[in-house]
Amino acid sequence: MSEEIKKSEAKKPAKVETKKEKKPGFFAKAGKFLKEVKSEISKVVWPTPKQVLNNTIVVICVVLLSAVFIGAVDALFKFLAGLIVS
């Protein structure tokens, strides 16, 4: 009889136990994301007001110089186009 039990057990496919892990919900994911954002923001080294002012002045100067350069190149091309057309 033990042989019959062994044969019947051999024929049956083994049951694979799979535990479905519960995925975190939307709000759990959102909460985790916000905690990580807070953690990363605390690591940021923010500039001083003086650094912000200096960087702002540099940006404004570069923009103005670029505008003058582009305007001069445009005027030059307009002048050359006028010479060619007339």
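Residues numbered from 1 in each chain as written. Predicted model: local features only at pLDDT ≥ 70, side-chain atom pairs only at ≥ 80, totals over all residues. Heavy atoms only, no water.

(A) Summary view of the overall build of the protein. When its secondary structure is counted, the protein shows three helices and zero strands. Start at the N end of the protein and walk to the C end: the helices and strands fall as α-α-α. Counting only residues that meet the buried cut, the protein has 0% of its 86 residues in that class. (Helix = DSSP H or I, 4+ residues; strand = E, 2+ residues; numbered from the N terminus. Buried < 20%, exposed > 50% of the residue type's maximum accessible area, 1.4 Å probe, protein only.)

(B) Layout of the confidence of the model for the protein. Here the protein averages 87 in pLDDT, while 78% of its residues score no lower than 70. Averaged over each element, pLDDT in the protein is lowest for helix α1 (residues 2-11) (57) and highest for helix α3 (residues 49-85) (97). (pLDDT = per-residue confidence, 0-100.)

(C) The pattern of salt bridges, seen in detail. Tallied over the entire structure, the rule returns one salt bridge. Residue Glu40 is joined to Lys43 by a salt bridge in which the shortest nitrogen-to-oxygen separation is 3.4 Å. Taken as a pair, Glu40 and Lys43 lie in helix α2 (residues 26-43) at a separation of three residues, close to a single helical turn. Glu40 gets classed as partly exposed once you look at its relative accessible area, which sits at 46%. Among the residues examined, Lys43 registers a relative accessible area of 57% and is labelled exposed. (Salt bridge = Lys/Arg side-chain N within 4 Å of Asp/Glu carboxyl O.)

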